[in-house]
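Here is what each chain is made of, one letter per residue.
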Amino acid sequence: MDRFAICIILACFLVIPSPSKAQGIFHGGMYGTMGMPTAEMKRSIFGEKNFPGLGGGVNVLVNPKGRGLFSPVHLGAEFNYIYLGKEKIDASPTYPPLKTNYNFVTVGPIIRYFPFEKEEGFTPFFDGGFGWKILSTSTQFDDTLLETIINGEEAVQLMSTKFGGIGLNLGVGFFNRQLPKEGEPNTASFYMKILYQYGDTINFVERGSIKVDNLGNFSYQTGRTKTSMIILQIGLALH
């Protein structure tokens, strides 16, 4: 996971309000994410490999009617990070073996619609949203996390790329709303959502194209691919 994604996740955790301070106004979620790219993106990004991207994310929503009042519509924002695997780069006269991590980030506003007014129990919802997506790479020395810790080294980023675009998404999900017990204002429940994200065509770094010459200069080739995928989120809803 690159530093940009780590910083965004931490920032989102910090801004999720405590339900004990604003019960009924704020609603949030923390979850693991599995992304299943459509055929074109899978062929472009994964090549011969066939596995889903994995990551995590958060969302924060607000009830526009305020505390204690039911609103079928909540407004907020959502952040998703998905790790798309890595590519090994052979040693050169200038550098030892390297690796390139492929990352996919989406962030933007969402609208959540609750079709039923329910204080507890099974609570379905529908989500719609749009936002920005970034397909990035981060190239560094091919050390494991354990090796980096043992050697006391920092994971130095030797080269990075970022290509952005716009995405739209529609999703359906549910959580099992639990009313807080007396004296226990914080509540959390199981959360699950599946969504389809349409992504426009953006550039990406082609696997196997990154080279390092004798002077330590990096070069790579880019292609273009749509970035649509089906995304599954499983985690905790905070309310």
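Reading guide: rules and limits
Residues numbered from 1 in each chain as written. Predicted model: local features only at pLDDT ≥ 70, side-chain atom pairs only at ≥ 80, totals over all residues. Heavy atoms only, no water. Helix = DSSP H or I, 4+ residues; strand = E, 2+ residues; numbered from the N terminus. Buried < 20%, exposed > 50% of the residue type's maximum accessible area, 1.4 Å probe, protein only. Contact = heavy atoms within 4.5 Å. Arc of directions from axis to C-beta. Pairing = 2+ DSSP bridges. Axes fitted to C-alpha atoms, helices over the stretch in contact; angles between N-to-C directions. Phe/Tyr/Trp six-rings, centres within 6.5 Å; stacked < 30°, edge-to-face > 60°. Lys NZ or Arg CZ within 6 Å of the ring centre and 35° of its normal.

A. Fine view of the side chain of H74. Within the secondary structure, H74 is located in strand β3 (residues 73-89). By relative accessible area, H74 is classed as buried at 9%. The residues contacting H74, other than those within four sequence positions of it, are H27, L61, V62, N63, P64, I110, I111, R112 and F114.

B. Broad picture of helix α2 (residues 39-46). By the burial criterion, the buried members of α2 are M41, S44, I45 and F46. Down the axis of α2, the buried side of the element spans an arc of 160°, and every buried residue falls inside it. More than 90 degrees from the buried face of α2, the exposed residues found are A39 and R43.

C. Representation of the sheet that holds strand β7 (residues 188-199) within the structure. Read once around its circumference, the closed barrel built from eight strands follows the order β1-β2-β3-β4-β5-β6-β7-β12, with strand pairing classed as antiparallel. Adjacent strand axes in the sheet meet at a mean angle of 25° when their direction is disregarded. When strand β5 (residues 121-141) meets strand β6 (residues 157-177), the two strands line up antiparallel, connected through 20 bridges. Paired with P124 across the strands is F174, a residue of β6. Packing of α2 onto the sheet brings it into contact with β1 (26-37), β2 (53-62), β3, β4 (98-113), β5 and β12 (229-238), and relative to β1 it is tilted by some 75°.

D. Region of interest: the packing of aromatic side chains. If you walk through the whole model with that rule in mind, you get seven aromatic pairs. Where F125 meets F175, the ring centres are 6.1 Å apart and the plane angle is 35°; that geometry is what we call tilted. With F125 in strand β5 and F175 in strand β6, this pair connects stretches of sequence that are 50 residues apart. Like F125, the residue F175 is buried in the burial classification. Note on F174 and F190: the rings are 5.9 Å apart at their centroids and 45° apart in plane angle, and the pair reads as tilted. Taken as a pair, F174 in strand β6 and F190 in strand β7 lie far apart in primary sequence, 16 residues in all. Ring pairing ties together the aromatic residues Y31, F114, F125, F175 and Y191, which thus form one cluster. R112 extends its terminal NZ or CZ atom over the ring of F125, reaching a point 3.9 Å from the ring centre. Across from the ring centre of Y102, 4.2 Å away, lies the NZ or CZ of R207, which sits over that ring.

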